[in-house]
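Chains, contacts and geometry: an overview
So you can see what is in the structure, the chains are spelled out below.
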Amino acid sequence: MNTIEIDRAATAVAAPPRVATHHQDNGAILNAMTIDVEDYFQVSAFDHIVPRARWESFESRVCRNTETLLEVFAGANVHGTFFVLGWVADRFPNLVRQIRAGGHEIASHGYEHRLVYSLSASQFRDDLRRARLALESAAGAPVVGYRAPSFSITHQSLWALDVLIEEGYAYDASIYPIRHDRYGIPDWERHIHRVDRAAGSIWELPGSTTKLAGTNFPIGGGGYFRLLPYAWTKRGIARLNEGERQPSVFYLHPWEIDPGQPRLEQVGGLARLRHYGNLGKTQERLGRLVRDFRFGTVSDVLAGVTAPSASAVVA
Ligand SMILES: [Zn+2]
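Analysis parameters
- Residue positions are counted from 1 within each chain, in the order its sequence is given.
- In keeping with the model being predicted, local features are shown solely for residues with a pLDDT of at least 70 and side-chain atom pairs are shown and tallied solely at 80 or more, while totals for entire chains, interfaces and linings include all residues.
- Side-chain descriptors were evaluated using all non-hydrogen atoms of the structure, hydrogens and water having been removed beforehand.
- Only runs of H or I of at least four residues qualify as helices and only runs of E of at least two qualify as strands under DSSP, and these elements are numbered from the N terminus.
- Categorising residues by exposure relies on relative accessible area from a 1.4 Å probe, with only protein chains included: less than 20% of the type maximum marks a residue as buried, more than 50% marks it as exposed, and the intermediate range marks it as partly exposed.
- In this description, contact between two residues means that some pair of their heavy atoms is separated by no more than 4.5 Å.
- Surface accessibility in these figures is a Shrake-Rupley result with a 1.4 Å probe; residues are shielded only by whichever protein chains are displayed.
- Note on aromatic contacts: the rings of Phe and Tyr and the six-membered ring of Trp form a pair at centre separations within 6.5 Å, being stacked when their planes are under 30 degrees apart, edge-to-face when over 60 apart, and tilted otherwise.
- Distances up to 2.8 Å from the metal define which N, O and S atoms are donors, and 3.2 Å serves for Na, K and Ca; water is absent from the atom set, so sites may look incomplete.

Things to note about the overall build of the chain
When helices and strands are counted, the chain shows eleven helices and twelve strands. The proportion of buried residues among the 315 residues of the chain is 56%. For the chain, restricting intrachain contacts to residue pairs at least 6 apart in sequence, the fraction spanning at least 24 positions comes to 76%. Carbon and sulfur atoms provide 53% of the accessible area of the chain, an area that totals close to 13,100 Å².

Here it is as structure tokens:
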């Protein structure tokens, strides 16, 4: 249950007017634009070298980078869903309000960026509630969406969907139907769908994939967008939209457009490539992406997903 009162009347007045995108519809599918709002030192790959107790000691760049993303989206008339870390919302409540003022949707990325499969159900619930309190206090609006740090709802943490349903969440975007060293459920449903659980049901927005020779490959954003040629993402989304008539769910982090971020010296090998590769190219690529496809918030996309095409999955 919510532990704070949301002033819904005030929220209705404060909500910015929605502006139609400049894109001609032409039957083109609306894709979900999502941003995981966290700082460059909070990523899961740096967990072992950056203890949470030291987070306060780093130069924070999340506000400036998020503001740059807001400018890119404003210039293209794109609205998205921002999964904000509760820790960030507590320190920078004004950033949450700026995001809202841009016509975007606020959702939860948890509080402390802990991998869901490393938590017990009650620890997960505590983190979820703490984040929601911070986000709703800052936004003055209800939060009904969640994405786990590093897509950490996997086979071993599917119980988290029950907790999300019990806590009143309408949608989750934490499952990636691919093989990866830290996350993924390779045989999970690839398209947006309802998941039926013991606790009830919830919308799931899986990370986007393209299926080639029976294997799912990621096309959904983040490192895949930065490190692979732009054509990979463009072709993948086009295939999903035009071939399968399905929306994609694109994701990015504010630090991915920040080539000036301080380098953490202890980061080596694969983590170094994944985190620092092509940071200087990503903003321009994002500009191309929002011109090439239609994007909206998760709620906008769910409003367009019709019941017959949505499959229920018993997990
Ligand atoms: Zn994250």
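Some points on the packing of aromatic side chains
As enumerated under the stated definition, the model contains 18 aromatic pairs in all. Judged by centre distance (4.8 Å) and plane angle (85°), the ring pair of Phe-225 and Phe-250 falls under edge-to-face. Here the residue Phe-225 occupies a position in helix H7 (residues 222-227), and Phe-250 occupies one in strand S10 (residues 249-252), the gap between them amounting to 25 residues. Exposure class is identical for Phe-225 and Phe-250. Each is buried. Grouped by ring-pair contacts, the aromatic residues Phe-151, Tyr-176, Tyr-183, Tyr-224 and Tyr-251 constitute a single cluster.

A look at the coordination of the zinc ion
For the zinc ion, the full set of protein donor atoms is Glu-38 (OE), His-109 (NE2) and His-113 (NE2), and the range of their distances to it is 1.9 to 2.1 Å. For the zinc ion, the single-chain donor residues occur in sequence as E-x70-H-x3-H. Here Glu-38, found in the loop between strand S1 (30-37) and helix H2 (62-76), pairs with His-109, found in the loop between strand S3 (105-108) and helix H5 (121-139); they are 71 residues apart in sequence, far enough to count as distant. Each member of the pair Glu-38 and His-109 is classed as buried.

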